[in-house]
Each structure stands twice: as C-alpha cells, then as structure tokens.
Amino acid sequence: MRNVTKDNITDVFASYFGEDTDPRVREVLVALARHIHDFAREVNLTHDEWRKGLEMLEHAGRITTPERNEFVLFSDVLGLSSLVDMMHSKPEATSSSVLGPFHVSNPPPLAIGGDMKRDFGGPVLLVDGQVRDVDGTPIGGATLDIWQTAPNGMYSSQDPDQDIHSFHGLMTTDNEGRFAFTTVRPVEYTVPADGPVGELLNAAGRHPWRPSHLHYICSAEGYRSLVTEVFPDDDPYLDQDTVFGVRDDLVMKYVEQPADSFPEGFELSGKVDEPYLKVTFDLILAKG
Ligand code: BEZ
Ligand code: FE
C-alpha cells in the first residue's frame, strides 16, 4: 500500500501479516495496533509526547535487572497486571492478586507453627487458616509460599542488611489443610519510585504506596495455583493501592489477643509476653 493515511493505517498494518501467521498472534497484534492508533488519534499525540514515552521505555530498559523489572512495574501501576489477574481468576476461588517483583525462588521450609519474625522488632502476628477446594473439602499437602517485607518496609532482595531468605517461607498444610505461623505485622511500603514509573506517578499526582500485606502462592496437585495477598482492614492505603491489588475477600481483621492466650505448638509458644495480633485467612482453590 502506497497511499497510507492516518485513517487507513490500522487496516494497512493488518494487511501486512504473512498468510501463515498464527491466528492468535494476528488477533493480538492487530488489536494492539488498533488501540495504539486510536489512542494517538484520540489524544492527538504530539511528537514531543511520543518521544517522551519512548524515552521512559528506554529508561525502564536501562534500569531493569533480574531483581527489578521496571516494565512489570509499569504494568502494575497502570492496572494492567491486576486486570489480567481478574480476567482469569475463578469467581468460586479466593481472588488472586499481584505477584510483585520480590518473590524469591527456593524459599526456606517453614514448619507449621514456625516463626518468620526472628529477631526483628514489631508486633507479633499469628496467621492461621485452612486451604479448601470450592466444595469445602480440606486440601492436605498444599504448599504455601509466603513472603512479606521486614518492618523497615523492604523486601530481602532490596535490603543488603537482610538475608535473601528473611521473611520468606514455604509451608505445607497438614491433613486437614491447615497452616499456621507467626511473623511481624506487615507494614505499608512504597513501590520503587526512583525510575520512570515514579516519574509517571508524580506526573499523575499519585503516591507510590501499597497497603501492608502478606503474599501467598498456594499450590496443590490437581488445583490451579493461586497467587494472592491478605490485607488488614484498618490499613490507610486499602482504598488507594497504587497497583490495584486489593479485593474485598482479601481484607481481613487482625484481632488483638492477650499475651496469655498465645497457643501451644508454635515456635514462639512461651515466649510471647505482650498482646499479639491474630488473623485467620482461608484459601479456596479451584480445580486445575
Ligand atoms: C509487591 O507487593 O511486592 C509489589 C507489587 C507490585 C509492584 C511492586 C511491589
Ligand atoms: Fe508486596
């Protein structure tokens, strides 16, 4: 096509595909081009704005490392990660939520009743719950990969003062699908805002805060793995999570308990002499 115009360029783009192109590739790329072209026409995108966008992507490429992926962060703060999550989560199962970039592979085993707090200061949080299928049948032998920030708001991979496995643990549920551990009450924290994503947030008058949360990946044979988070119901950022990860069924109450009610069977049993917090979070998995 020689006579490409601003009105026919999307059709011309679609006409350039090879005959043997995978139909799904064609569908996705044609739709992507259509939306990009419509976007440029809708906002009457200027050369300066187009260049600025490309500069931000180029900056993202320069600072992206295996530990920090600025492109994923763009997807997170634009709501794309959460949208894709929600489009594919099963309504009968616990909602999924963003994975984020701070999960580490090979987390250390954490026995039922084990402690992730170690020597860190801050309020003790006892977490327990049960993994079940959508019919209410407990799922024994499910694995729970659990992680959170230290009380300074940093994940182990961001913080040279932490061991890479600090505040990470891998637990297996008992025959009744139950799990339980202690940790420190998670704190709210900011997503990395010193790169182009921070620039975007700034330009939009947005803050970089996430409400405090615990991350889980729950897996069991024959079930869909669930990537999710649990949030306390009194967090100030619940209604403005900068990565759009909060869902109603993931918001739980952290209930204060007297020190003398701390149960037996935990690594910290007999060692808790101040009121502690307790949250129960059950996870429902859909069949795989
Ligand atoms: C997180 O919760 O760890 C996270 C999620 C998205 C972006 C940055 C961090
Ligand atoms: Fe997180």
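Heads up: the structure comes first, above all this text.
Think of each chain on its own: its residues are numbered from 1, step by step along the sequence as written. Note on labels: chains are lettered from A, ligands numbered from 1, in written order. Given that this is a predicted model, residues contribute local features only at a pLDDT of at least 70 and side-chain atom pairs are listed and counted only at 80 or more, while totals for whole chains, interfaces and linings are drawn from all residues. The side-chain numbers reported here are obtained from all heavy atoms of the structure, hydrogens and water having been left aside.

### Quick notes on the sheet that holds strand β3 (residues 143-147)
Link 1 in the chain: We treat two strands as partners when DSSP finds at least two bridges between them. Each helix corresponds to a stretch of at least 4 residues labelled H or I by DSSP, and each strand to a stretch of at least 2 residues labelled E; elements are numbered beginning at the N terminus. Strand order across the open sheet formed by 5 strands is β4-β3-β8-β9-β10, with mixed pairing between neighbours. At either margin of the open sheet sits one strand with a lone partner, and together these are β4 (168-172) and β10 (251-252).
Link 2 in the chain: In the sheet, β3 pairs with β4 via 5 bridges, with the strands oriented antiparallel. By the bridge assignment for β4, I146 is matched with G169.

### Side note on the environment of A111
Link 1 in the chain: Inspection of the secondary structure puts A111 in the loop between α5 (80-88) and β1 (114-115).
Link 2 in the chain: Owing to a relative accessible area of 53%, A111 belongs among the exposed residues under this scheme. For each residue, the accessible area found with a 1.4 Å probe, counting protein chains only, is set against the maximum for its type, and the residue is called buried under 20%, exposed over 50%, and partly exposed in between.

### Things to note about unusual backbone geometry
Link 1 in the chain: In this structure, F167 takes a positive phi of about 60° despite not being glycine.
Link 2 in the chain: Along the polypeptide, F167 turns up in the loop between β3 and β4.
Link 3 in the chain: Despite not being glycine, F244 has its phi angle at roughly 60°, a positive value.
Link 4 in the chain: Counting through the fold element by element, F244 comes out in the loop between β9 (226-232) and β10.

That is the geometry; function is a separate question.
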